[in-house]
Amino acid sequence: MIKRRSVIDIPSFFVGSILSVTSADKHDPNKTRKFVGICIQKRYCGLRHEFVLRNVVDNLGIEIAYDLYDPTIHNITVLRLEKRLDDDLLYLRDALPQYSTFPFDMEPEYLLDGAPVPINDIKVKLKPRPWVGRWERKGYKGIDDVDQHITEKMKGQKKKLEEPWEKYDLMKEYRRTIPEEEQEEIFSEVFSELHQLSLSNKKLKKSRVYVKPKKTG
């Protein structure tokens, strides 16, 4: 991870942020390809860390999954840093296209150093069913009135399948993350090098122009 971070700047971003990724073309190592999209999912951690970008190009929804530390990635740029109301945005696959459409020539919007990450509280409208997922069962906050799309029977199933206790399941959270003891051991080895990288990245960011992010909706 340190070797990759010493070669390219890997910025912090969240589900809901708009990114531009330039990577090598696997069919021609001498060429690169650029993809712009909204981050709809982040999963795993460490060397296994993955993220998924989505965009609608020529009326076709396109998603690309990237390994964060993939050596074929040449550049990751955060075009708009923001969070959403949910931990994943997989339901954008069944949302109206405008919620997943971003121009490939989009200019970066920078925040002041130390400014809080904006939370975009937009609620998207879904297309009529059928959907690729049972979104009504997930308790998403970023969907506008999911109940208008489902039958009374589905509403009953939704209530029956609710698991409000899940957020108190400490063992489930433990299995999803690296134990704290292991994290401390790992970061004790890499902290000094990460700290130096962080300082150099901050110097670069200070030279950038501040642009207030625009809220989409």
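Coordinates for the structure precede this section.
Quick caveat, the model's predicted, so the values are computed rather than measured.

Chemist: Any chance you could explain the nonpolar core here in plain terms?
Modeler: In summary, soluble globular proteins display a tendency toward joint burial of nonpolar side chains. With 41 residues, the main nonpolar core has F51, L53, Y66, Y91, L92 and W135 as its most contacted residues. Going through the elements one at a time, β1 (18-25), β2 (28-43), β3 (50-57), β4 (60-67) and β5 (73-80) are the ones with two or more residues in this core. When near neighbours in sequence (up to four residues on either side) are disregarded, L92 contacts I38, I40, R54, Y99, S100 and V124.

Chemist: Is there a simple way to think about the packing of aromatic side chains in this case?
Modeler: For any pair of aromatic rings, the description consists of the separation of the ring centres together with the inter-plane angle of the planes. Scanning the entire structure with this criterion turns up five aromatic pairs. Measuring from ring centre to ring centre gives 5.8 Å for F35 and F104, while their planes differ by 85°; the resulting arrangement is edge-to-face. Within this pair, whereas F35 is found in strand β2, its partner F104 is found in the loop between β5 and α2 (152-160), the two being separated by 69 residues in sequence. Exposure remark for F35: the relative accessible area of 6% places this residue in the buried category. F104 gets classed as partly exposed once you look at its relative accessible area, which sits at 33%. Between Y91 and Y140, the aromatic rings sit 4.7 Å apart at their centres with planes inclined by 65°, giving edge-to-face as the arrangement. Here Y91 is found in the loop between β5 and α2, whereas its partner Y140 is found in the loop between β5 and α2, with 49 residues between them in sequence. Y140 shares its class with Y91; the two are buried. In this arrangement the basic side chain of K42 is found over the ring face of F13, its NZ or CZ atom lying 4.3 Å from the centre.

Criteria and thresholds
Residues numbered from 1 in each chain as written. Predicted model: local features only at pLDDT ≥ 70, side-chain atom pairs only at ≥ 80, totals over all residues. Heavy atoms only, no water. Core = buried A, V, L, I, M, F, W, Y, C linked by side-chain atoms within 4.5 Å. Buried < 20%, exposed > 50% of the residue type's maximum accessible area, 1.4 Å probe, protein only. Helix = DSSP H or I, 4+ residues; strand = E, 2+ residues; numbered from the N terminus. Contact = heavy atoms within 4.5 Å. Phe/Tyr/Trp six-rings, centres within 6.5 Å; stacked < 30°, edge-to-face > 60°. Lys NZ or Arg CZ within 6 Å of the ring centre and 35° of its normal.

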